[in-house]
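A closer look at the structure
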Amino acid sequence: MQDLANLKTLVAAASSGSFAKAAKRLGISPAMVGRRIQALEEEYGVKLIERTTRSQHLTEVGAQFLEKAARIIDELEALEDLSRPNAGTVSGRVRVTAPITLGIKHFSAISARLTAEHPALSIELYLSDRTVDLIADGYDLALRIGSLKSSSLIARRVGSYRFTCCCAPSYLARIPAPRHPEELGNHRCILNLNLVPRDLWPFETEQGEKFTVQVQGNLEIDNGDALRMAALAGAGIIYTPIDLVADDLAAGRLIEVLADWRKLVLPVHTVHPSRQFVPAKVTAVVEAIAKGLQGTASAI
């Protein structure tokens, strides 16, 4: 239905802030984005987007048009779900963003199983440790680790992200393992830039008493795999998600330290835009993630 394609193009252009970004999201050319919006303007006799060489913005009428267009798209997607011959069929494309380690270790396999079960379903998976804007970047769903900021997004907790402290046997050959977190001050620590603050590592006693320890090191890394490789090379102790190093711990390539102290546990949520109607394809992905994370290091 061309009218629906034109409406979706308008929503993509308005939310992403440019025709080029909208084109990338929709898999079409920027020129096609312009033609579709022009078709809407000609059909309804109104100017929807004012565009210059440097910027674009919705007209007053365009903002009102956009709000109604979003509602129409929701209703049409709901109608498609209701009218599908096989109610159990899940189809369409879902754009998902997830943190790198979580995506590699868990969501890739979850996606493979789900798309095998529903051949008409397509999943676009974008892995990044950067927190993206779901609306502006055109994502249907995100996996997020940690506490969420207040927003209009709909969130569901689907797991927990657990951390550990470990290092290579070659590092411990040079210096005894710490027996108490306070002894980390005498060790070389590889700082994880995704932890805030990077140099304060949280711990908890068996009695539930929480405290932090200041650590130091001359190597700071923002990528999980690079952090792991540095630890394997004997550069020092890392504070990292268990998912990242589980295989290394099992094989003895890395050794857990400070096992008697509890480490950080962060919630894992699925997050999607607030809408009156949530498409069946998005619901199916959320349910698959919740089920897939059960019994893993990221289980609740």
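As a reminder, the structure under discussion sits directly above these lines.
For the structure given in this document, a descriptive report is provided here.

Reading guide: rules and limits
Residues numbered from 1 in each chain as written. Predicted model: local features only at pLDDT ≥ 70, side-chain atom pairs only at ≥ 80, totals over all residues. Heavy atoms only, no water. Helix = DSSP H or I, 4+ residues; strand = E, 2+ residues; numbered from the N terminus. Buried < 20%, exposed > 50% of the residue type's maximum accessible area, 1.4 Å probe, protein only. Contact = heavy atoms within 4.5 Å. Areas by Shrake-Rupley, 256 points an atom, 1.4 Å probe, with all protein chains shown as cover. Lys, Arg positive; Asp, Glu negative; His and termini not counted. Charge placed at Lys NZ, Arg CZ, Asp CG, Glu CD. Pairing = 2+ DSSP bridges. Axes fitted to C-alpha atoms, helices over the stretch in contact; angles between N-to-C directions. Parallel < 35°, antiparallel > 145°, perpendicular 65-115°, else oblique. Left-handed = near helix turned anticlockwise from the far one by under 90°. Nonpolar A, V, L, I, M, F, W, Y, C, P; charged D, E, K, R; others polar. Core = buried A, V, L, I, M, F, W, Y, C linked by side-chain atoms within 4.5 Å. Salt bridge = Lys/Arg side-chain N within 4 Å of Asp/Glu carboxyl O. Arc of directions from axis to C-beta. Polar contact = N/O pair within 3.5 Å; in protein donor to acceptor, adjacent residues only side chain to side chain.

Below, the discussion takes up the overall build of the protein. Secondary structure summary: the protein contains ten helices and 13 strands in total. Taken along its principal axes, the extent of the C-alpha atoms in the protein is 75 × 45 × 35 Å. Scored against the burial criterion, the 300 residues of the protein give a buried share of 42%. Excluding contacts between residues fewer than 6 apart, the proportion of contacts in the protein whose partners are at least 24 apart in sequence is 74%. Just so you have it, the protein exposes about 15800 Å², and 51% of that area is on carbon and sulfur atoms. Measuring between centres, the 34 positive side-chain charges of the protein sit 3 Å from its 33 negative side-chain charges.

For strand β5 (residues 141-145), a buried count of four out of five residues is recorded, marking the element as mostly surrounded by other parts of the structure. Pairing analysis gives two bridges linking strand β3 (residues 92-98) to β5, with the strands arranged parallel. Note that in β5 the partner of T97 across the bridge is A142. Alignment of β5 against strand β13 (residues 265-272), held across four bridges, turns out to be antiparallel. Counterpart to R144 in the pairing with β13 is H269.

What follows covers the packing of helix α8 (residues 224-232) against helix α9 (residues 242-251). The relative placement of two packed helices comes down to the angle between their axes together with the axis-to-axis distance. Between α8 and α9, the shortest axis-to-axis distance is 10 Å and the interhelical angle comes to 30°. It follows that α8 is roughly parallel to α9 by the angle criterion. As α8 runs across α9, the sense of the crossing is right-handed. Counted together, G224, D225, R228 and L232 of α8 and L244, V245 and D248 of α9 form the full contact between these two elements. Considered class by class, the residues forming the contact of α8 with α9 number three nonpolar, one polar and three charged.

Only one face of strand β9 (residues 210-214) is buried, namely the one carrying F211 and V213, since none of K210, T212 and Q214 on the opposite face is buried. Sheet analysis places strand β8 (residues 200-204) next to β9, joined by five bridges and oriented antiparallel. Across the sheet, the residue bridging to L200 is Q214, located in β9. Two successive antiparallel strands, β8 and β9, enclose a turn made up of five residues, where G208 displays a positive phi of approximately 90°.

Attention now moves to unusual backbone geometry. Following V196, the chain continues to P197 via a peptide bond in cis, the omega torsion being -5°. Along the chain, P197 turns up in the loop between β7 (189-192) and β8. With a phi angle near 55°, L258 is a residue other than glycine that sits in the positive phi range. In this fold, L258 is placed in the loop between β12 (255-256) and β13. Overall, the relative accessible area of 5% leaves L258 in the buried class.

Our next topic: the nonpolar core. The biggest cluster of nonpolar side chains holds 40 residues, and the ones touching the most others in it are L184, W201, F203, I237 and I289. Among the elements that make up this core, the one with the highest residue count is helix α10 (residues 280-292) (seven residues).

Enumeration over the complete set of coordinates arrives at nine salt bridges. Note that E124 and R95 form a salt bridge whose closest N and O atoms lie 3.1 Å from each other. Of this pair, E124 sits in strand β4 (residues 121-127) while R95 sits in strand β3; the two residues are 29 residues apart in sequence, bridging distant segments of the chain. Assigned by exposure class, E124 and R95 land together as buried. When the shortest N-O distance is used, the salt bridge between R179 and E183 registers 4.0 Å. Overall, E183 belongs to the partly exposed group, its relative accessible area being 25%. Among the ionic contacts, a cluster of salt bridges with common partners joins R93, R95 and E124.

Think of an α-helix as turning once every 3.6 residues; residues three or four places apart then point the same way. Listing the buried residues of α8 in full gives G224, L227, A230 and A231. Buried residues of α8, seen end-on, are gathered within an arc of 125° and therefore sit on one face of the element. In the core, the buried residues of α8 are packed alongside β7, β10 (219-221), β11 (237-241) and α9. At the N-terminal boundary of α8, the capping side chain belongs to N223, with an oxygen 3.0 Å from the backbone nitrogen of D225. Where α8 terminates, the next one or two residues include G234, which has phi positive at roughly 85°.

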